[in-house]
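# Summary of structural features
For reference, the chains in residue letters:
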Amino acid sequence: MKKTNVICPFCGCLCDDLTVNIEDNKITGVDNGCALASSKFLNTERLEKPLIKRGGKLVETSYDEAIESSVEILSNAKRPLLFGWSGTQGEAQCKGVHICELLGGVIDNTSSVCHGPSILAIQEVGHPGCTLGQVKNRADLIIYWGCNPVDAHPRHMSRYTTYADGFFLDNAFRERKMIVVDVRKTESANVADEFVRIKPGGDYAVISALRAMIRGKSKSIPDSVAGVSKSQLERVVKMCKEAKFGAIFFGLGMTMSPNKYKNVRNAIELVDEMSRHTKFTITPMRGHWNVYGSNEVFTWMTGYPYGIDFSRGIAFYNPGETTAVDMLSRKECDALLVVASDPGAHFPKKCLEHMADIPVIQIDPHLNCTSHFADIQIPVAITGVETDGTAYRMDGIPLRTKKVIETERPTDTEVLEKMYKKILEAKGKCTHCW
Amino acid sequence: MHSLLVKNAYVIDPLNNIRGEIMDIAIKDGKIVESVKDSAEVIDAKGQLTLPGGVDSHSHICGTKVNFGRYMSPEDMRAGRGRAQPYMYPVSGYSVPTVYANTYRYSKMGYTTVLEGAMAPLEARHTHEEFSYNTLQDTLANTLFDGNWSVMEAVAEGDLKKVAAIVGWTLAAVKGFGVKITNPGGTEMWGWGKDIGCIHKKVDYFGVTPAEILDYLIRANEMLNLPHSAHLHTNNLGKPGNYKCTLETMQRAPDLNDKRQTLYMTHVQFHSYGGSKWADFCSKADDVSWMLNRKPNIAIDMGQVMFGKTTTMTADGPMEFNLYRLHHNKWSNHDVELETASGIIPVHYSRKNLVNSIMWAIGLELALMTKNPWQCMLATDNPNGAPFVKYPEVIALLMSQKYREEQLKTVNPDTEKRVFLPSLDRELDINEIAIMTRAAQAKALGIVDIGKGHLGVGADADVAVYPIKMDDIDPSKDYQKIIDGFSQTDYTIKRGRAVSKKGDCLVLGDNATIWVKPKISEKNDISKDPEFMKKFERYYTVSLDNYPVQEEYLHRNICIETETGI
């Protein structure tokens, strides 16, 4: 059996044109998807059964007991941290927020270690963006800055930019220009019309130089800025000004390199500057398929996109203080709930040391590095494969991912809903008024 | 079966011609009935002002733009924070509050139905997701068609039936309610960083004018028998001298429906500007209301500006960029492929600022100079002119010349030379306020027949009891009592249940989404049209299969099916 127009739950592209082949409720192949998509659909490294640590060993348990024990840990914690959320459905993220409010805990998503700085920049200067279809249909200049779509978002260029024919570009590959800005020559740089190689940490200076040149202040620019020659910068400015529609995409090479959010702020202001000459937009290359969704959900429920602390009874937000890495490295939290993400693989050593010391509960379909820290593991259905649910593409387009095969495992939402009800009971709150 | 009796209510119900009668309102199973048994729950209104639940026919409360307004404004969240209490989750925010804050605050003010003013079809799922948390008001979403490529192509072909087929299918697919047209043609031009100006310039490539887009969409709207009329945000918003464009647009509006207006023009304050630049900026509310008074086929909302901080948000992308260049604070923009654009910027309307003071006066002038209150809705285009929590102050300004005079003393002293407000002595009465805040809004939206905006037998039992004794006060002098009274109901009753009491919620709420499904024959089903399917596949980034909003997003839904004859 084939299921068509399936939405890929891997990266922020959320390609919605996959065909999944199924035999006897097993996925046997994926057409149209990239290698990352196939690995997601065909992944077999699953958490199989609910497990709980007893006497230093993980032993099998029931879902009810795993949930009960999790509730006990979370309800008794003084400063619980609820982290992750980017790999699950919007419905589960909503439940997560309600649990956090009830616990007076801190809820954070993975953007605090990826595009958190972009959000800080947006909070200072805004965000002139657009949907990916605007780029596909109109953009004659694409700039990838500090990102490498060929490896990280393999279909980005064929669906939305360089190779995607659009309404105003019949032959995209010939009619579009592409600039890649990076500290090293990536696979993406190999296909660019212009590769701008910046010395590590030089993004801010290069963006500032471009802004100055667009404003007609070329004379003040030295012959070389962060390893980029003035003549190349002049060429880039000319390309930008000649474009009818320029689209910048940026990745962690911009958000997580020195100057962090100031780089992004500067890039947004570059777009603002260019918008006085032609049409320009800027879009962050979001990683997890629903990381943008976690920002959206947290925002409409709490007012803030990540790092939200409910210990004061109201939503308090201060990235750097209320974000997961900071809380863990300060050894501040005394219980950690990880949902649909893998801090065990990505967080600094100091954080992992603290994770080893405190109770960690993991809700995830997959076995990953965090599993080795978990005192309780709750295996769930994979959203977008075994259950449907809402997700937001990197440009803010909401989609409903599809269920392609059946599973007996509960969804994240179901597990969290049960936890919520039980925490209400544990806290002695009325169960019908929340 | 739940029964409720609201006793001793001082009722104003304009749609049923009730003006200040002391009466009992009987409610059973969520509807108004003739009488209920003695066993019914009783709320004693103690002779206080009792109105049908408030209806807001133009507000921005849920969806991509609104949420981006929150996302970019942590500073806004620090105002208006509230802790959890039974039936109320914690809230944050002032001009773009969290969803729960919006629904609690509207309920506190007696509002039970709110229309989200602008939903991009491609992003509709987001609006519906947020709607499900907006638990205390029934919600509806106007759907944007201003820069819709398929519509513009059908207009260029002169094919009205096709325009109707596209609009009809899209509304049903995205679970939308009405046709919203924001800066027609201008939002497509913004795709190239341009704007269009007034209604006779041609849209690049598509070769159609805003006037043509508007003409076709108005007629398609009627062809589909939609409950609401076309809902227009006119071209040239916020530009000095734009009143001419507004008048020309009004002049063109046909009269095609005997039950309601044919054209609803929104936030007309922003479109009633005289002068040629900011230096000679002045009010032209007199010309606009003169035209409105001669065009019963048009209804407007005020778009009242109130002083203080707020966040502007609209599908009018080019306008927001212009505004950003004036304010230099921050600017967000989010164009949507094949459909529309948008922009968001925070603003601070200052009493010291002459332009802002004139804007404040123009909104009030429009309401006071429009003879028929059924043609003018009270709204701030929340949060563009001001957050909706300012409605009680707007009501007081309309009811009291004394209050207006006092306020005029606090604004920029040059204002009086550029506006008409000081010369207007009209004071609206409570019946007119009830019309402008519920009855006319329900009528304009075409939802009276499904039980909104009135308290007649069979209506939805949405009722607001305000702590105002009309017989004991003179609104002209006691305007503070009007402000306080309208700020917080004693009881807000939604679908027969008291949902909030003195500002505290009594239930979690269970709202309904009202949407429209025009019945279109198989042969006119545009989603089966090979050309439309091909275009969809080639130019959208989402497949036709994944585009429609699934029923899962509509928890309690009221679908209005319309006969179309196509």
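Our subject in this report is the structure included herewith. Please read all numbers here as calculations on a predicted model, not as lab measurements.

### Regarding the pairing of strand β22 (residues 398-401) of chain A
Residues and elements named next belong to chain A. Of the two faces of β22, both are covered, the one formed by P398 and R400 as well as the one formed by L399 and T401. Summarising the sheet, strand β21 (residues 389-392) and β22 pair through four bridges and their orientation is antiparallel. Opposite T390, over in β22, you have R400 as the bridge partner. Hairpin connection from β21 to β22: five residues lie between these consecutive antiparallel strands, with G396 at a positive phi of about 90°.

### A word on the packing of aromatic side chains
This model, assessed by the stated rule, comprises 43 aromatic pairs over all chains. By way of ring pairs, the aromatic residues F167, F168 and F245 of chain A together with W149, W192, Y205, F206 and Y539 of chain B are connected into one cluster. Here the guanidinium or amino end of R219 of chain B rests over the ring plane of Y216 of chain B, the centre of that ring lying 5.0 Å away.

### Some details on the sheet that holds strand β17 (residues 343-349) of chain B
Strand order in the open sheet formed by four strands is β8(A)-β16(B)-β17(B)-β15(B), with mixed pairing between adjacent strands. In this open sheet, the two strands that pair with only one neighbour each are β8 (128-130) of chain A together with β15 (308-314) of chain B. Averaged over neighbouring strand pairs, the angle between their axes works out to 25° when direction is ignored. Note that β15 of chain B and β17 of chain B share seven bridges and pair antiparallel. Note on β17 of chain B: the bridge partner recorded for K309 of chain B is H348 of chain B.

### Details of the state of the cysteines
Applying the stated rule across the entire model yields two disulfides over all chains. Disulfide pairing places C430 of chain A opposite C433 of chain A at an S-S distance of 1.6 Å. For C433 of chain A, a relative accessible area of 2% puts it in the buried group. Between C198 of chain B and C245 of chain B runs a disulfide, and the two sulfur atoms are separated by 2.2 Å. Residues C198 of chain B and C245 of chain B are joined by a disulfide whose S-S torsion is about 100°; by sign, that bridge is right-handed. Of this pair, C198 of chain B sits in the loop between α7 (186-189) and α8 (210-223) while C245 of chain B sits in helix α9 (residues 243-252), placing them 47 residues apart in sequence. Comparing C198 of chain B with C245 of chain B shows no difference in burial state: the two are buried. Sulfur of C114 of chain A: no disulfide; nearest cysteine sulfur belongs to C11 of chain A and is 13 Å away. Of all cysteine sulfurs, the one in C333 of chain A lies closest to C351 of chain A, which takes part in no disulfide; the gap is 8.7 Å.

Rules and cut-offs
Residues numbered from 1 in each chain as written. Chains lettered and ligands numbered in written order. Predicted model: local features only at pLDDT ≥ 70, side-chain atom pairs only at ≥ 80, totals over all residues. Heavy atoms only, no water. Buried < 20%, exposed > 50% of the residue type's maximum accessible area, 1.4 Å probe, protein only. Helix = DSSP H or I, 4+ residues; strand = E, 2+ residues; numbered from the N terminus. Pairing = 2+ DSSP bridges. Phe/Tyr/Trp six-rings, centres within 6.5 Å; stacked < 30°, edge-to-face > 60°. Lys NZ or Arg CZ within 6 Å of the ring centre and 35° of its normal. Axes fitted to C-alpha atoms, helices over the stretch in contact; angles between N-to-C directions. Disulfide = S-S within 2.5 Å.

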